[in-house]
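Below are the chains, spelled out letter by letter.
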Amino acid sequence: MEISSDFLVDRQASSSDIPVFTDSSSLLLSSSATVSQRPFPSYMDASSPASINNNPRAGSPIYVSPKELCGSLRSEDFCSSEKIDPEELTDFELLGRGSVCVLYNAMWKGSHVVIKRLPLAPRQQSEQFNDLLKEANIMRGLRHPNVLQYLGICWGGPFPSDVGLVMEYMSRGSLYEWIHSPVQFDVRTIRRICEDTAKGMWYLHSRVPPIIHRDLKSHNLLLDENLKVKVCDFGLSCYVRPGVSPEMTACGTPSWSAPEVLRSESYTMKADVYSFGVVLWELFARGDPYPGLGPMKIAFEVSTMSARPALQQGWPLQWTQLMELCWSENPAQRPDFKELLELFPQ
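Parameters at a glance
Residues numbered from 1 in each chain as written. Predicted model: local features only at pLDDT ≥ 70, side-chain atom pairs only at ≥ 80, totals over all residues. Heavy atoms only, no water. Helix = DSSP H or I, 4+ residues; strand = E, 2+ residues; numbered from the N terminus. Buried < 20%, exposed > 50% of the residue type's maximum accessible area, 1.4 Å probe, protein only. Core = buried A, V, L, I, M, F, W, Y, C linked by side-chain atoms within 4.5 Å. Axes fitted to C-alpha atoms, helices over the stretch in contact; angles between N-to-C directions. Parallel < 35°, antiparallel > 145°, perpendicular 65-115°, else oblique. Left-handed = near helix turned anticlockwise from the far one by under 90°. Contact = heavy atoms within 4.5 Å. Nonpolar A, V, L, I, M, F, W, Y, C, P; charged D, E, K, R; others polar. Arc of directions from axis to C-beta.

Following V208, the chain continues to P209 via a peptide bond in cis, the omega torsion being -5 degrees. Of note in this structure, S264 is not a glycine but carries a positive phi near 60 degrees. Looking at where S264 falls in the secondary structure, it is placed in the loop between α5 (259-262) and α6 (270-285). Take S264: its relative accessible area is 41%, and that puts it in the partly exposed class. Phi is positive for R286, close to 55 degrees, though the residue is something other than glycine. In this fold, R286 is placed in the loop between α6 and α7 (295-305). Judged by relative accessible area, which is 0%, R286 ranks as buried.

Right, here's the structure in full:
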């Protein structure tokens, strides 16, 4: 079925009146306990309260001083082009703060960049430091038009006790911000956004070893001035190595997390496909999934009662069928991202 490009997706079409599933458990958090899903501007901090990562660490927390942490960074650990001299970074502008990281706009050798900075306060847990280095280690090997470019790492300079990842600047911010703006767009634009996202995710899944993103959502899809989409924020990502199961922990953001992830079951790259299905729903709904419900309630309903975001009448049938296919309860029934590129309606 051919879909008319005259089908406009208006911000006002996203109302909080979208019906949602009813509460069936008195043990769950009330809607007043919801965690705000407004994004950490443009580049979501994966450690914010909107995300979960139930990965218990063995033993007691290890505390080290900021000086010790930054002292452990050595230039020889990075290639010559990767270590960025902090004195070359100028014109800092605060973009926002997450629970762990602080985000800045800055200029680097005449180019606009973004810095994801980790302030290392006294008695800062070293696991946050290691998580940031893990993200840098993943990003340093990624090269694709639809994946955010990592430019390098810096420490010292204006923030002597901090370490930061330097990344390319995306002028239109996150897809979440764009969806929630007054701008109108049609189905052709939705298709372009979906194609870019699928290409970036196909690249990640086809790496050797493959990478599971584990926190795919509209907050972690960035737009440039031409509305090209790039996947970002690899703070919860992990490699899938042959014969070695990845850490099967409940992580990500409940509204976008696959049921098998929320149940802490074994999961595959198809968990990212489920998350993409929710992003597709966002593009048509112009709102948050499960409005008014808290994260614990959402996690319970999705993982135990097969709850999904509510579809609205009037949405193109082929697109709603694709959403439902992506968030199939059985991961094996979900297409991979290569297949999705062939399934997007024309």
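Let us keep going from here.
Time to look at the nonpolar core. With 74 residues, the main nonpolar core has L175, L204, W319 and F344 as its most contacted residues. Counting 10 residues, the second-largest nonpolar core is a separate cluster that includes I84, V102, V113 and I115.

Between α6 and helix α8 (residues 317-326), whose axes approach to 8 Å, the crossing angle comes to 150 degrees. Judged by the inter-axis angle, α6 sits roughly antiparallel to α8. Judged by the twist between their axes, the crossing of α6 over α8 is left-handed. The segment α6 lies against α8, with V273, Y274, F276, G277, L280, W281 and F284 engaging W319, L322, M323 and C326. Residues belonging to the contact of α6 with α8 are distributed by class as follows: 10 nonpolar, 1 polar and no charged.

Within an α-helix, residues lying three or four positions from one another point in the same direction, as the helix has 3.6 residues per turn. Every buried residue of α8 is listed here: W319, T320, L322, M323 and C326. Seen end-on, α8 carries its buried residues on one side only, within an arc spanning 155 degrees. Where α8 is buried, its residues meet α4 (187-205), α6 and α9 (337-343).

Let us now look at the packing of α4 against α6. Orientation of α4 relative to α6, taken along the N-to-C sense of each, is 165 degrees, at an axis distance of 11 Å. The orientation of α4 relative to α6 falls into the category roughly antiparallel. The hand of the α4/α6 crossing is right-handed. Packed against α4, whose contacting residues are V187, I190, I193, C194, T197, M201 and H205, the element α6 presents D272, F276, L280, L283 and F284 at the interface. Of the residues assigned to the contact of α4 with α6, the class counts are 9 nonpolar, 2 polar and 1 charged.

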